[in-house]
Amino acid sequence: MAGTMYDVCIVGAGMVGSAAAKWLCKLQRETKVCLIGPQEPTEEEWQKREIFSAHYDEGRLSREMDESLIWAILAQRSIKQYRNIEKESGINFYQEVGCAFVDIQGKESLEVTKQNAEKMGVTTYKALDSVGLQDQFPYLHIESNWEFLFNSKNAGYVSPRNLVAAQQKIASSHGCQVINDVVVKVHEDAGGGDDDFLKVLCQSGREVTSNRVLLCMGAFSNCYDLLPEGKQIDFKPMKTFVVKPEVSEEYAKTHADMPSMITNIPGKMSYILPPIKYPDGKYYLKIGGYKVPNVASDLQDMVEWFRSEAQHQDKKDATLDMLKFFLPDLDPISVRTARCATSHPPTKMLYCDMVTTRLGVVMGLSGKGAKSSDEIGRMGAKMIARGSWDYDLPAEHFKLRYKTTGAQRPNRRGAILPRITSRISLYQKVYYIHCARVYLTSQSHR
Ligand SMILES: Cc1cc2nc3c(=O)[nH]c(=O)nc-3n(C[C@H](O)[C@H](O)[C@H](O)COP(=O)(O)OP(=O)(O)OC[C@H]3O[C@@H](n4cnc5c(N)ncnc54)[C@H](O)[C@@H]3O)c2cc1C
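Predicted, not measured: the structure shown is a model, and the values here were computed from it. (Residues numbered from 1 in each chain as written. Predicted model: local features only at pLDDT ≥ 70, side-chain atom pairs only at ≥ 80, totals over all residues.)

1. Things to note about the pairing of strand β19 (residues 359-363)
Rules: To sort residues by burial, count the other C-beta atoms lying within 10 Å of each one's C-beta; a count of 20 or more means buried, 12 or fewer means exposed, and anything in between means partly exposed. C-beta atoms are built from the backbone. Helix numbering and strand numbering both begin at the N terminus, where a helix is a DSSP run of H or I of at least 4 residues and a strand a DSSP run of E of at least 2. DSSP calls a pair of strands paired once it identifies at least 2 bridges connecting them.
Burial runs high along β19: five of the five residues are buried. Burial along β19 is two-sided: Leu359, Val361 and Met363 and Gly360 and Val362, pointing in opposite directions, are all buried. Taken together, the three bridges between strand β12 (residues 207-215) and β19 define a ladder with parallel strand orientation. In the sheet register, Leu215 faces β19, and the bridge partner there is Val361. With four bridges connecting them, strand β18 (residues 351-354) and β19 associate as antiparallel partners. In the sheet register, Asp353 faces β19, and the bridge partner there is Val361. What sits between the antiparallel neighbours β18 and β19 is a turn of four residues.

Take a look at the structure:
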């Protein structure tokens, strides 16, 4: 298929990729941008898909307060843009219902969160005791040794689906070409001169050429052949699981002021979203955060996780019980579960870095990047536009780390197999260490 030449090609039409595409088009109007990624699968397509996204939902908790100052700054900057994005796109995605942080009295996490809020000039929160919170939200179960921070403004939830749609709509209106495809290979056109570019090959056979490429592939960042030979990003792709009890419209109305919640109560650590209307016209609450031992081993494992309805049904009841603990009046009409995946770097911070002078990566947003995706997209857009770091927070925080246990490459089906060469180099390393020990021992005996 004939290729088109772009200044920047963004791979991954999820939360960050869509935001980055919009920002690139807005920051540098003359830049020719394309955004490549599969759109949300229909029910029939779901079982044939290999690549999924973390945004197929209607609720992601949003708040500008965080235990990490960097995450708090990114969230605050993003939230400031929400109403502008809604206005420009004509798509609503944000509900400002507030966010309640719940912990045992005297725990450090709330104190640090408050200190960060003060550093950032956030004044729209109240520290409440159990009586104060019970007065405000009488339907919540609250215990007297609990402590609360209630962030009333610039907090609530976003619809990730609508936010992505809004970002793509704005990007398109500024000339970005949105391509519904999966990228299977990115490689340098090896001339070695200034006229070099990257070739981007899609599953459909489409080929795109671009001066620079920004990879925003979330939990799928090590799949296929997109990184330079021998490089694999160091992160854990985590399979996650949420429970969504359906409630009546009347229940949703009586709980219309319910905030989003993050609870650190031992044995009940979770995040909770209030009743939200879904595209099927029904209202669902959502609870997530229940831990399942869940690092995906390879792409096949991830694919099976996304496609399977049956896995972890046993956790459904326990998770629902946890929600009923906080909402004793909950009597669901039905209960759904949903599977998803998040990407977790060992640094506990997202990665935003250049791999080569032409290839950049933004990923590793863990389970908390939806709310901040607009600003993270802007960070990535500025970096790829310049080809190097261009943001007012220190680059060191966002530096990529690569796997050191040897290169892993996807096989033809995309499954990640350890390469024999990496095993050989491991044996070599052991041998070198042995030789070094023998040498040092002989030195010390001299
Ligand atoms: C169940 C769940 C609950 C969450 N709750 C919250 C919350 O309450 N608040 C919050 O702030 N965050 C939350 N998050 C986290 C948030 O959703 C993620 O941090 C965010 O979506 C990550 O954005 P991303 O763009 O990096 O990844 P994604 O949104 O997953 O986007 C990656 C995109 O890359 C595409 N892609 C991958 N490989 C290829 C390829 N080879 N070719 C083309 N395209 C490709 C995928 O299709 C996908 O669209 C939650 C996540 C999950 C799963």
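2. Considerations on the site of the ligand
Let me state the cut-off plainly: Using a C-beta atom placed from the backbone for every residue, we mark a residue as near a molecule or strand if that atom lies within 6 Å of it. Nonpolar residues are Ala, Val, Leu, Ile, Met, Phe, Trp, Tyr, Cys and Pro. Charged residues are Asp, Glu, Lys and Arg, and all others, Gly as well, are polar.
Taken together, 38 residues sit near the ligand, with Gly12, Gly14, Gly218, Cys340 and Gly369 positioned nearest. Contributing elements (two or more residues each) for the shell around the ligand: α1 (15-27), β3 (60-63), β13 (236-247) and β17 (334-344). Broken down by element, the shell around the ligand gets its largest block of residues, three residues, from α1. Here the shell around the ligand is built from residues that sort into 22 nonpolar, 13 polar and three charged.

3. Digging into helix α10 (residues 373-386)
So the rule is basically this: Each residue after the first adds 1.5 Å to the expected span of a helix.
When the terminal C-alpha atoms of α10 are compared, their 20 Å separation across 14 residues agrees well with the 20 Å that a helix rising 1.5 Å per residue should span. Among the 14 residues of α10, 13 are classified as buried, and the element is accordingly described as predominantly covered. A positive backbone phi angle near 85 degrees is found at Gly387, which sits one or two residues after α10.

4. A word on the nonpolar core
To be explicit about the condition: Buried Ala, Val, Leu, Ile, Met, Phe, Trp, Tyr and Cys residues form a nonpolar core when they are connected through C-beta atoms within 7 Å. For every residue pair, C-beta atoms are placed from the backbone, and the pair is scored as a contact if these atoms sit within 7 Å.
Of all hydrophobic cores here, the largest spans 119 residues; its most connected members are Ala20 and Val362. Broken down by element, this core gets its largest block of residues, eight residues, from α1. Apart from residues lying up to four places away in sequence, Ala20 is in contact with Ile10, Leu214, Cys216, Val362, Gly377, Gly380 and Ala381.

5. Focus: the sheet that holds strand β8 (residues 155-158)
Reading across from one edge, β3-β8-β4 is the order of the three strands in this open sheet, with antiparallel pairing throughout. Strands with a single pairing partner mark the edges of an open sheet, and in this sheet they are β3 and β4 (94-95). Here β3 runs beside β8; their pairing, made up of four bridges, is antiparallel. If you follow Arg60 over to β8, its bridge partner there is Val158.

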